[in-house]
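Architecture and fold: a report
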Amino acid sequence: MSAPRRLIRVDEALDEGVVTRSDSQTLIARILKMSTADSASVNVGSNVTNNLRFAANQVSTAGSVSDINIQVTSNFGPKHATVVTNNVNDDSLLATVKQSEALAKLAPDDPEAMPDLGPQNIKTVNAWFPGTAALSAAELIDAGLTALKPSRQAGDLNVAGYLVVNLGSSALGNSKGLFAYHRSTNANYTITARTADGTGSGWAGAEHPDWSQLKVGEVSARAIEKARLSRNPVAIEPGRYTVIMEPQAVGDLVQLIGFYADARASDEGRSPFTKQGGGNKIGEKIMDPRVSLIADPFDPAILSQPWDGDGLPLGRQIFVDKGVLKELYYSRFWAKKQGKQPTGAPTSFIMTGGTESVDDMIKSAQRGILVTRLWYLREVDPRTILYTGLTRDGTFLIENGKISKAVKNFRFNDSPLFMLNNLEAIGRPVRLAGTEAGGAVVVPPIKVKDFNFTSLSDAV
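Report follows, based on the coordinates. Computed from a prediction, not measured in an experiment: that's the story for all the values here.

Let us look at the overall build of the protein chain. A count of helical and extended segments in the protein chain gives twelve helices and 21 strands. Its C-alpha atoms give the protein chain a radius of gyration of 24 Å, near enough to 23 Å, the size a compact globule of 460 residues would have. Expressed along its principal axes, the backbone C-alpha trace of the protein chain runs to roughly 80 × 60 × 35 Å. Sequence-distant contacts in the protein chain: of pairs separated by 6 or more residues, those separated by 24 or more amount to 72%. About 20300 Å² of surface is accessible on the protein chain, with carbon and sulfur atoms providing 49% of the total.

What follows is the structure in structure tokens.
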């Protein structure tokens, strides 16, 4: 028996580290020819990830990982199933197609199944930055040394951080003629600095598709300074405080609003945007008029994939415009049911801002709390987006316009909707280094009144 015919090797399909548009299109077409389903779709993703990890003031790991991921979905009427492989030889691809078809025939009917889309007009997002793609291992090490050198010299600090640069591509094609392709670069740097006595902790991070936008030295210095300032925190009574939230803390909470902006949840009475007695709150003022909440894959600070998992083009969506709820997002199924235009779910989140700096906000506060970031957020009441969580890595008391001391961390119970109705000041938006929920997020620092801290935490 002759050897199986080779389709394509990953390393032959790479251009600057990822599968090109033309090679993605060729691979998808070859797989679709193997299908005998009513309809089929294929996702091809590839990535090269270069990383540097350090802890205890020394580099712990460094490396580069590349992979390809192929998802084949087969449809027989309302039945469907997906099988995944990263093996690109013909025999493996054929086996993947046949397995997805076999599973689809066994699957129960999906009452919300939608037919595959045909060709779409998808605009290109230029998210590929050659400078990011060409970063060398030496450059990553130099970036890590911006934290390691000062920490070692200090003698009473330990730093841990992760610097990761990702080059990726994603492509989607189906038997109805749809094809979509997106290529991107991204650099992410996060660092935690701890004091040797274990009482102080500081965190900072940055992310951008363009490496030149990451000021790694400033990020390292900020985390180290936070650690020094947060040493030996004191306990103060929980309660309602004026709070200045740095962007990272804002993003973890405010981004949640986007997840509740689903039209179906509102129509079915499961959303904070459901109007009492029926209907939704579109057209109503729901927060401070200085706030607008937007999803836009084309924004220069975002540059995300401009199509969803079905291949539906994603455009600019304005959920809140100057404090007024303007729109909710519609899946294809719910849009058809309600006679609306589908929008797809947002994959990015932007909160517009103002001009005040965090320093200005601190100077304007007679007594308040400065919060670096939040963690371990959990839902309490979906009807109001009430969440609980904790502060961490730098929480400080402000007195008479100055940081007076580090304080022990708090547990909070509050809602981003409440928070954005108690807004006192708003700063310039920045891109975050990630959130608990994930995705590309751009938000400003804010100052709010009456934020609800419910208890103390001994964790740093």
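Further remarks concern the sheet that holds strand β12 (residues 324-325). Taking strand neighbours across the sheet as the criterion, the six strands line up as β12-β11-β10-β13-β20-β19 in an open arrangement whose pairing is mixed. Whereas interior strands pair on both sides, the edge strands pair on one side only; in this sheet they are β12 and β19 (430-431). Across the sheet, helix α7 (residues 247-254) touches β10 (293-295), β13 (348-351), β19 and β20 (440-443), and the angle it forms with β20 is around 120°.

Before going further, it helps to examine the pattern of salt bridges. Summed over all chains, the structure comprises 20 salt bridges. With a closest N to O distance of 2.8 Å, Arg431 and Glu207 form a salt bridge. Taken together, the positions of Arg431 in strand β19 and Glu207 in strand β8 (residues 201-208) put the pair 224 residues apart, joining distant regions of the chain. Taken as a pair, Arg431 and Glu207 share a single burial class, namely buried. Between Glu424 and Lys447 there is a salt bridge whose closest N-O contact spans 3.6 Å. One end of the pair, Glu424, is in strand β18 (residues 423-426); the other, Lys447, is in strand β21 (residues 446-457), with 23 residues separating them in the sequence. Overlapping salt bridges, with partners in common, bring together Glu112, Arg264, Glu268 and Arg270 in one network.

To continue, consider the nonpolar core. Ranked by size, the top nonpolar core spans 52 residues in total, and within it Leu253, Met351 and Ile446 carry the most contacts. Excluding anything up to four places from it in sequence, Ile446 contacts Val243, Ile244, Met245, Val250, Met351, Met361, Met419, Leu420, Leu423, Ala425 and Ile426. One finds Val44, Phe54, Ile70 and Leu214 within the second-largest nonpolar core, a separate group that totals 47 residues.

The next point concerns the side chain of Thr391. Of note, Thr391 is situated in strand β15 (residues 386-399). Polar side-chain contacts of Thr391 include one of 3.2 Å to the side chain of Thr395. Side chain to side chain, Thr391 and Asn409 meet in a polar contact 2.7 Å long. Among all residues touching Thr391, those that are not within four sequence positions of it are Val371, Arg373, Leu374, Trp375, Asn409, Phe410 and Phe453.

Turning next to the side chain of Ser41. Considering the arrangement of structural elements, one finds Ser41 in strand β3 (residues 39-55). Note on Ser41: relative accessible area 11%, which makes it buried. Residue contacts for Ser41: discarding those within four places in its chain leaves Leu32, Gln71, Val72, Thr73, Asp116, Leu172, Gly173 and Asn174.

One open sheet accounts for six strands, arranged β5-β4-β3-β6-β7-β8; its pairing is antiparallel. Only two strands of the sheet have a single partner each, and these edge strands are β5 (79-85) and β8. Across the sheet, the mean angle from the axis of one strand to that of its neighbour is 15°, orientation sign disregarded. Looking at chain direction, β3 and strand β6 (residues 157-174) are connected through 14 bridges and run antiparallel. The partner of Arg53 across the bridge, within β6, is Tyr162. The strands that helix α6 (residues 216-229) touches are β6, β7 (179-195) and β8; relative to β8, the one it contacts most, it runs at about 160°.

Two strands pair when backbone bridges link them, and β10 and strand β11 (residues 317-321) are joined in this way by three bridges, in the antiparallel orientation. Counted as the bridge partner of Ile294 is Ile318 from β11. Of the pairings in the sheet, the one linking β11 to β12 comprises two bridges and is antiparallel in character. Across the sheet, Asp321 pairs through a bridge with Val324, a residue of β12.

Right, let's talk about the packing of aromatic side chains for a bit. Tallying each qualifying case throughout the model produces eight aromatic pairs. Each ring, one from Phe412 and one from Phe451, has its centre 5.5 Å from the other, and the planes form 45°; the classification is tilted. Of this pair, Phe412 sits in strand β17 (residues 409-414) while Phe451 sits in strand β21, placing them 39 residues apart in sequence. Comparing Phe412 with Phe451 shows no difference in burial state: the two are buried. Positioned above the aromatic ring of Trp128, the side-chain terminus of Arg183 is 4.0 Å from the ring centre. The ring of Trp375 carries the charged tip of Arg392 above its face, separated from the ring centre by 4.7 Å.

Reading the values: rules and limits
- Residues numbered from 1 in each chain as written.
- Predicted model: local features only at pLDDT ≥ 70, side-chain atom pairs only at ≥ 80, totals over all residues.
- Heavy atoms only, no water.
- Helix = DSSP H or I, 4+ residues; strand = E, 2+ residues; numbered from the N terminus.
- Rg over C-alpha atoms; globule rule 2.2 N^0.38 Å.
- Contact = heavy atoms within 4.5 Å.
- Areas by Shrake-Rupley, 256 points an atom, 1.4 Å probe, with all protein chains shown as cover.
- Pairing = 2+ DSSP bridges.
- Axes fitted to C-alpha atoms, helices over the stretch in contact; angles between N-to-C directions.
- Salt bridge = Lys/Arg side-chain N within 4 Å of Asp/Glu carboxyl O.
- Buried < 20%, exposed > 50% of the residue type's maximum accessible area, 1.4 Å probe, protein only.
- Core = buried A, V, L, I, M, F, W, Y, C linked by side-chain atoms within 4.5 Å.
- Polar contact = N/O pair within 3.5 Å; in protein donor to acceptor, adjacent residues only side chain to side chain.
- Phe/Tyr/Trp six-rings, centres within 6.5 Å; stacked < 30°, edge-to-face > 60°.
- Lys NZ or Arg CZ within 6 Å of the ring centre and 35° of its normal.

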